[in-house]
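Each chain, written out:
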Protein chains: 2
Amino acid sequence: MSLRHAILTALLERPSSGLELTRRFDKSIGFFWSATHQQIYRELGKLERAGLIHPLPQQQPSRGQRKEYEVLPGGREELARWVGERQDPKPIREALLLRLRAAAVVGVAGATGLEAELRRHLALHQRQLSEYQEIEKRDFGSEQPAAEDRLRHLVLGAGIGLETFWTEWLTDALTELGGSSPG
Amino acid sequence: MSLRHAILTALLERPSSGLELTRRFDKSIGFFWSATHQQIYRELGKLERAGLIHPLPQQQPSRGQRKEYEVLPGGREELARWVGERQDPKPIREALLLRLRAAAVVGVAGATGLEAELRRHLALHQRQLSEYQEIEKRDFGSEQPAAEDRLRHLVLGAGIGLETFWTEWLTDALTELGGSSPG
DNA sequence: ACTAACATGTAACACGTTACATGATTGT
DNA sequence: ACAATCATGTAACGTGTTACATGTTAGT
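Because the structure is a prediction, the values reported are computed rather than measured. (Residues numbered from 1 in each chain as written. Chains lettered and ligands numbered in written order. Predicted model: local features only at pLDDT ≥ 70, side-chain atom pairs only at ≥ 80, totals over all residues. Heavy atoms only, no water.)

**With respect to the interface of chain A and chain B**
Logical step 1: Listed by partner, the interface residues are 68 residues for chain A and 68 residues for chain B.
Logical step 2: Around 6,700 Å² of area is buried between chain A and chain B when both sides are counted, 69% of it from carbon and sulfur atoms.
Logical step 3: Taken as a group, A:Phe32, A:Leu98 and A:Arg101 account for 12% of the area that chain A buries against chain B, more than any other trio of residues on that side.
Logical step 4: Run the count over chain A and chain B and you get six salt bridges.
Logical step 5: Along the contact surface separating chain A from chain B lie 20 residue pairs in polar contact (both at pLDDT 80 or more).
Logical step 6: Elements with a minimum of two residues in the side of chain A that touches chain B: helix 1 (3-13), helix 4 (73-83), helix 5 (95-106), helix 6 (111-139) and helix 7 (147-179) of chain A.
Logical step 7: Looking at the side of chain A that touches chain B, the element that brings in the most residues is helix 7 of chain A, giving 19 residues. (Contact = heavy atoms within 4.5 Å. Buried area = accessible area lost by both parts, 1.4 Å probe. Salt bridge = Lys/Arg side-chain N within 4 Å of Asp/Glu carboxyl O. Polar contact = N/O pair within 3.5 Å; in protein donor to acceptor, adjacent residues only side chain to side chain. Helix = DSSP H or I, 4+ residues; strand = E, 2+ residues; numbered from the N terminus.)

Right under this line is the structure:
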């Protein structure tokens, strides 16, 4: 049940409407927890009914009208509780690896398409890596960062590390596949 | 819709019953696409109704009776089609990163629990890494591997690379958090 | 009046998780 | 007879995905 906590985190960082949240989930928070606008509206409704957030009083709630939410004390407590919770890491779930394994059993004959796919993924991961590196340059130049900034930098570092891993691995994979493929 | 293809791949590697599949999804295939037995039985039912797999004829299908499945030509075709499909990589979805970001907004005061959690994750990733390395030593010693084995080795290499990344990153994170935390 | 962009929402379905139910086989 | 284990399955619910519906605001 992490979407709920992703939303609470985002709203604590800055009160927002559903659409604003959706856009913030296309970057920053969304870099490691993505969500569509439908998920977000559904979860905002639940959070409101649970008394963890409430809409800012200024705007009357009607369809098509912007509705900005704020976290209530109960929401902050819930988030703090969740941060301290014990949770095992989820196993890897990566369709590309599954597809390589499937290619091994159905035969590598049609693997020209697969090779193109690997190149395409390589380009996407390289682009994501650049984006993270730009954010790092822009937001984390400080010499004496506050504790919160050190945490955020750490999280960004994970993104950079993971994208670096994928670009290296995909490069290796392309060498393997292209380099010595038998006839 | 990858579970379907994970199951087809597993059944092509070796015809199995639902419970056997469940066990194989706790290792090998499951290392990068996990599934519970309920998911597997549900999907086996769908695959059978879709005519992509069928139970081996020997055993009459009654509850509590072992039921072994085999992939039909249509299933193999479907898998081959899927292997060549274009699919974008999914963004990272890692609750631990979300929790660090949440810790940044609710305050790092209760971060002693978080630090223990990071250590716990470190140990888990180290164990997983050793497991992969043992598999590599056992299964991929050959000098002239077949194309299928090169692919499978590549996939295992991704697992090793990812676990290596996490152990290094978690070690860094613990240094960051423990090393210079302000009073 | 029309259009585009903004903003919130419904509906339907696929996938994932947890708890539980039922029957078959094996060992004591 | 009983318990443990193997094996398949149902039910309920939460989460994620896709397509579509509805209303508002601003520009022309």
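Let's pick the thread back up.
**Focus on the protein's contact with DNA strand C**
Logical step 1: As a matter of local geometry, DNA strand C sits amid 24 residues, with A:Leu19, A:Arg93, B:Met1, B:Gln39 and B:Arg42 nearest to it.
Logical step 2: Between A:Leu19 and DNA strand C, the recorded distance is 2.7 Å, taken from a backbone N or O atom to a phosphate oxygen.
Logical step 3: At 2.8 Å, a backbone N or O of A:Lys67 approaches a phosphate oxygen of DNA strand C.
Logical step 4: Secondary-structure elements contributing two or more residues to the surface near DNA strand C are helix 2 (18-24) and helix 3 (37-49) of chain A together with helix 3 (37-49) of chain B.
Logical step 5: Partitioned by chemical class, the residues of the surface near DNA strand C number four nonpolar, eleven polar and nine charged. (Near = heavy atom within 4 Å. Nonpolar A, V, L, I, M, F, W, Y, C, P; charged D, E, K, R; others polar.)

**A look at helix 1 (residues 3-13) of chain B**
Logical step 1: Burial analysis of helix 1 of chain B places nine of its eleven residues in the buried class, which makes it a mostly covered element.
Logical step 2: Of the positions making up helix 1 of chain B, those classed as buried are B:Leu3, B:Arg4, B:His5, B:Ala6, B:Ile7, B:Leu8, B:Thr9, B:Ala10 and B:Leu11. (Buried < 20%, exposed > 50% of the residue type's maximum accessible area, 1.4 Å probe, protein only.)

None of the figures reported here should be taken as evidence of function without further support.
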